Structures are given as structure tokens and as C-alpha cells.
Amino acid sequence: MLLVELQQAQKRSVGVKQAEKAVLKANAVKVYIAKDADSRVTARLVTLCKDNQIEVVDVESMNELGRACGIHVKAAAAVILKN
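Conventions we followed
All residue numbers refer to positions counted from 1 along the written sequence of the respective chain. Thresholds applied to this predicted model are a pLDDT of at least 70 for local features of residues and 80 or more for the giving and counting of side-chain atom pairs; totals over whole chains, interfaces and linings are not thresholded and use all residues. Side-chain calculation: all heavy atoms of the structure are included, whereas hydrogens and water are not. By definition, a salt bridge exists where a carboxyl oxygen of Asp or Glu is found within 4 Å of a side-chain nitrogen of Lys or Arg. Only runs of H or I of at least four residues qualify as helices and only runs of E of at least two qualify as strands under DSSP, and these elements are numbered from the N terminus. For every residue, the accessible area obtained with a 1.4 Å probe (protein chains only) is divided by the maximum for its type, and the residue is called buried under 20%, exposed over 50%, and partly exposed between those limits. Paired strands, as defined in this entry, are two strands with at least two bridges between them according to DSSP. Here, the term right-handed applies to a crossover whose path from the first strand over the helix to the second runs clockwise when the strands point away from the viewer. Every axis corresponds to a line fitted to the C-alpha atoms, with the helix fit spanning only the stretch in contact, and the corresponding angles, defined between N-to-C directions, vary from 0 to 180 degrees. Any two residues whose heavy atoms approach within 4.5 Å at even a single point are treated as in contact.

(A) Spatial organisation of the pattern of salt bridges. Under the defined criterion, the tally for this structure stands at 5 salt bridges. For Arg44, the salt bridge goes to Glu20, with nearest N and O atoms at 2.8 Å. Remark: Glu20 occurs in helix H2 (residues 16-24) and Arg44 occurs in helix H3 (residues 39-51); sequence separation between them is 24 residues. For Arg44, a relative accessible area of 47% translates into the label partly exposed. By relative accessible area, which is 11% here, Glu20 ends up buried. Here Glu60 ties to Lys35 by a salt bridge, and the two come within 2.8 Å at their closest N and O atoms.

Rendered as C-alpha cells:
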């Protein structure tokens with residue numbers, strides 16, 4: 001499964017704003033973005049990842065990404081943080 005690495009990560013953060021902060025601070029290892037998230041919300045994050053050579057993983061749905069993060073709500077994005 002694609003999300004095993006995210007589920008097992010010691011440090012992770014959930015949400016587009018948190019992911020953007022991690023990328024800007026060079027603290028991001030890998031970013032996960034839900035395919036069904038509004039592109040107006042995720043577009044800046046995708047650009048930041050490209051500019052900073054951070055790997056982006058597409059996840060089928062916001063529900064699936066939220067579950068992988070252990071939360072009971074949808075998530076548009078999540079990030080694995082450096083230890």
C-alpha cells in the first residue's frame with residue numbers, strides 16, 4: 001500500500017498549511033496530496049514541492065489520506081517530516 005510509509009512515519013503533519021510550512025523550512029521528506037482535494041487549495045503546495053525537489057505522492061481520496069494519518073476527518077495533504 002502506498003500509504004504505509006506515511007502511517008509508519010515517526011513525524012508527520014496533516015494539512016495543506018502545515019505541509020507548506022514544512023516545505024518552506026526544508027523540513028519535509030515527502031508530501032501526500034489527495035486527488036479529490038480542491039486544486040485551488042493544493043496548487044501552491046504542489047509548486048513549492050516542485051521548486052524544492054520534494055517528492056509528491058497522489059492519494060486517491062481525502063478520506064483515505066485522513067485515515068492513513070489516524071484522524072477521523074478528511075485531509076487534503078499530509079507530509080512526512082525529517083526526524
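The structure having been displayed, the exposition proceeds.
(B) The pairing of strand E2 (residues 28-34), seen in detail. Burial analysis of E2 places 6 of its 7 residues in the buried class, the great majority of the element. One ladder, built from 5 bridges, connects E2 with strand E4 (residues 77-81); its direction is antiparallel. Each bridged residue has a counterpart across the sheet, and for Val31 the counterpart in E4 is Val79. Taking the sense of rotation as the criterion, the β-α-β connection linking E2, H3 and strand E3 (residues 55-59) turns out right-handed.

(C) Molecular detail of the sheet that holds E2. Read across the open sheet, the 4 strands follow the order E1-E4-E2-E3; overall the sheet is mixed. Pairing within the sheet leaves two strands with one partner each, and these edge strands are strand E1 (12-14) and E3. If you compare each strand with its neighbour and ignore which way they point, the axes differ by 20 degrees on average. Docked against the sheet, H2 engages E1, E2 and E4, running at close to 35 degrees with respect to E4. Sheet strands in contact with H3 are E2, E3 and E4, and its direction is about 145 degrees off that of E2.

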